Amino acid sequence: AHVWRGLIEEYRERLPVGAATPVVSLGEGGTPLVRAQHLSERTSCEVWLKVEGCNPTGSFKDRGMTMAISRAKEEGAQAVICASTGNTSASAAAYATAAGMRCAVLVPDGKIALGKLSQAIAHGATLLQVDGNFDDCLTQARKLAEAYPVELVNSVNPFRIEGQKTAAFEVVDVLGDAPDVHCLPVGNAGNITAYWKGYREYAEDGTATRRPRMWGFQAAGAAPFVKGHPVDEPETIATAIRIGHPASWATAVAARDDSGGRIGAVTDEQILAAHRWLSSREGVFVEPASAAGVAGLLAATEAGEVDPGQRIVVTVTGHGLKDPQWALELAGAEDGRRRAVEPVRVQPDAVTIAR
Ligand code: F0G
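Reading the values: rules and limits
- Residues numbered from 1 in each chain as written.
- Predicted model: local features only at pLDDT ≥ 70, side-chain atom pairs only at ≥ 80, totals over all residues.
- Heavy atoms only, no water.
- UniProt positions renumbered as here; feature names shortened; annotations may be inferred.
- 1 Å grid on protein atoms, 1.4 Å probe; cavity = no way out; pocket = protein on both sides within 12 Å on 5 of 7 lines; lining within 4 Å.
- Points joined across faces, edges and corners; volume = space filled by probe spheres on them.
- Helix = DSSP H or I, 4+ residues; strand = E, 2+ residues; numbered from the N terminus.
- Expected span 1.5 Å × (residues − 1).
- Buried < 20%, exposed > 50% of the residue type's maximum accessible area, 1.4 Å probe, protein only.
- Near = heavy atom within 4 Å.
- Polar contact = N/O pair within 3.5 Å; in protein donor to acceptor, adjacent residues only side chain to side chain.
- Areas by Shrake-Rupley, 256 points an atom, 1.4 Å probe, with all protein chains shown as cover.
- Sits in = over half its atoms within 2 Å of the grid points.
- Nonpolar A, V, L, I, M, F, W, Y, C, P; charged D, E, K, R; others polar.
- Pairing = 2+ DSSP bridges.
- Axes fitted to C-alpha atoms, helices over the stretch in contact; angles between N-to-C directions.
- Phe/Tyr/Trp six-rings, centres within 6.5 Å; stacked < 30°, edge-to-face > 60°.

- Going by an unreviewed UniProt entry, the protein chain carries the name Threonine synthase and comes from Kineococcus glutinatus.
- Quoted verbatim from the Catalytic activity (unreviewed entry) heading of the UniProt record, the comment on the protein chain is "O-phospho-L-homoserine + H2O = L-threonine + phosphate".
- Under the heading Function (unreviewed entry), UniProt records this for the protein chain: "Catalyzes the gamma-elimination of phosphate from L-phosphohomoserine and the beta-addition of water to produce L-threonine."

In structure tokens, the structure reads:
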């Protein structure tokens, strides 16, 4: 049987690593591509979910982090730093630990999910809770990386993008070619940049015969690409993508335009409805931000903008256990409106189930 060796070993010849690069891996990549039966029916398309919550720390960030940390170690770095809405910090903390490095993370105070916070703490990162949003954190992280001998491992680090592009390789390797459309959430815009790079590289060397249209989706309260300019006060319940000044602006616009794609916005209600749909219909549990791509696909379908019969891949970026409060608040609400769950309390010797 083939044993997955982590994405650097699997795609070594397509990544900027050499024989001397110390590979720091937790077995990331090789995530499931799941046929979404109900989404396929609802869209009259063939829809697949790239389930990135199955990475070691529960999000796609591990793809970039194995590269960034391996290269930082090669350069002799002893400490790394990042700004984060939670997943990057969880990943950086884990990979820095595996590499024997120290890690400092800057997160927006009170605006990161508990699961992510606990990961950074469990892995021993120095946690700086900033009285501001992600964009403020990134500004500070950049300054600290200039002033001190620490490596910045946000997606402005080019090795992050290199690692993340492998998700596009995996999609083509499984499906045999690129899909018609690739949907995903957009926050700081590193991931849409990375997928587009991966698809381009496979098309350039003939591994794929074509490239997909890239469809990115932002939360309506944090949608700078839709507005056409940065947003100073981003707001959304999808804290992972609560970002107003995306760092990878030009490359995300290029991914959108060169692919003939689009970047749209979805409301928090649409995000929560898609989150609920994924868990209650498809059996796939994601964090709210991760449902933005599905929310966007459903909105486009309802608007008559999705031609039937297409092959569509949607990346669901992070695991539902990162931010479980939404599952509890949303249980039973088909339309995504909030409602508390009433637990059924029973005596251990008197359990009956109503018919
Ligand atoms: N989905 C999840 C679960 C995320 O954590 C992020 C970004 C995105 C989507 C958006 O990806 O930034 O490449 O456009 N999270 C970053 C973080 C900002 O700090 O964890 P993007």
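There's more to say after this.
Topic: empty space enclosed by the protein
Space left empty within the atom packing is revealed by a probe, the size of a water molecule, rolled over the atoms.
Stage number 1. Within this structure, the stated rule accounts for 1 cavity of 30 Å³ or more.
Stage number 2. Roughly 320 Å³ of internal volume is contained in the largest cavity.
Stage number 3. Lining the largest cavity are 28 residues, and of these Phe60, Lys61, Gly187, Asn188 and Ala240 sit closest to its centre.
Stage number 4. Mapped by element, the contributors of at least two residues to the lining of the largest cavity are α4 (87–99), α7 (158–164) and α9 (190–204).
Stage number 5. Of all the elements, α9 adds the most residues to the lining of the largest cavity, at 3 residues.

Structural notes on helix α3 (residues 61–74)
Stage number 1. Taking 1.5 Å per residue as the helical rise, α3 with its 14 residues ought to reach 20 Å, and the 20 Å between its terminal C-alpha atoms agrees with that figure.
Stage number 2. Across the 14 residues that make up α3, a large majority, 12, are buried.
Stage number 3. When we look at burial in α3, the residues that qualify are Lys61, Asp62, Arg63, Gly64, Met65, Thr66, Met67, Ala68, Ile69, Ser70, Arg71 and Ala72.
Stage number 4. Residue Gly76 follows α3 closely and has a positive phi angle near 90°.

Overview of the site of the ligand
Stage number 1. Within the structure, the ligand sits among 19 residues, and Ser84, Gly187, Asn188, Ala189 and Thr317 are positioned closest to it.
Stage number 2. Contact between the ligand and Ser84: an oxygen atom at 2.7 Å from a side-chain N or O atom of the residue.
Stage number 3. Note that an oxygen atom of the ligand is positioned 2.8 Å from one of the backbone N or O atoms of Asn191.
Stage number 4. When isolated, the ligand has an accessible area of 480 Å², and the protein chains bury 99% of it.
Stage number 5. Of all the cavities here, the one that holds the ligand is the largest cavity.
Stage number 6. Among the residues forming the shell around the ligand, the class breakdown is 6 nonpolar, 11 polar and 2 charged.

A look at the sheet that holds strand β8 (residues 213–219)
Stage number 1. What the 6 strands build is an open sheet, ordered β1-β2-β10-β7-β8-β9; its pairing is mixed. A strand with exactly one partner marks an edge of an open sheet, and here the two such strands are β1 (33–35) and β9 (262–266). For this sheet, the mean angle separating the axes of adjacent strands, direction not counted, is 25°.
Stage number 2. Looking at chain direction, β8 and β9 are connected through 5 bridges and run parallel. Looking at β9, one finds that Gln218 is bridged to Ala265.

Digging into the sheet that holds strand β3 (residues 79–83)
Stage number 1. What the 4 strands build is an open sheet, ordered β5-β4-β3-β6; its pairing is parallel. For this open sheet the edge positions go to β5 (126–130) and β6 (151–152), each flanked by a neighbour on one side alone.
Stage number 2. Strand direction decides the pairing type here: β3 and β6, joined by 2 bridges, are parallel. Across the sheet, residue Val80 finds its bridge partner in β6, namely Glu151.

Considerations on the pairing of strand β10 (residues 311–316)
Stage number 1. Most of β10 is tucked away, with 5 of its 6 residues classed as buried.
Stage number 2. Sheet topology note: the strand β2 (residues 46–51)/β10 ladder contains 6 bridges and is parallel. Within β10, the residue paired with Glu46 across the bridge is Arg311.
Stage number 3. Direction of pairing for strand β7 (residues 181–185) relative to β10: parallel, over a ladder of 3 bridges.

Quick word on the side chain of Ser259
Stage number 1. By the element assignment, Ser259 lies in the loop between α11 (249–258) and β9.
Stage number 2. Residue classification places Ser259 among the buried residues on the basis of a relative accessible area of 11%.
Stage number 3. In this structure the side chain of Ser259 is engaged in a polar contact, spanning 2.9 Å, whose partner is the backbone nitrogen of Met214.
Stage number 4. Among the polar contacts listed, one links the side chain of Ser259 to the backbone oxygen of Ala255, at a separation of 2.7 Å.

Some words on the packing of aromatic side chains
Stage number 1. One pass over the full model with this rule turns up 5 aromatic pairs.
Stage number 2. Residues Trp4 and Tyr11 carry aromatic rings whose centres are separated by 6.5 Å and whose planes lie at 65° to one another, so their mutual orientation is edge-to-face.
Stage number 3. Exposure remark for Tyr11: the relative accessible area of 7% places this residue in the buried category.
Stage number 4. Arranged with centres 4.4 Å apart and planes meeting at 15°, the rings of Phe169 and Tyr202 form a pair that is stacked. Of this pair, Phe169 sits in helix α8 (residues 166–175) while Tyr202 sits in helix α9; the two residues are 33 residues apart in sequence, bridging distant segments of the chain.

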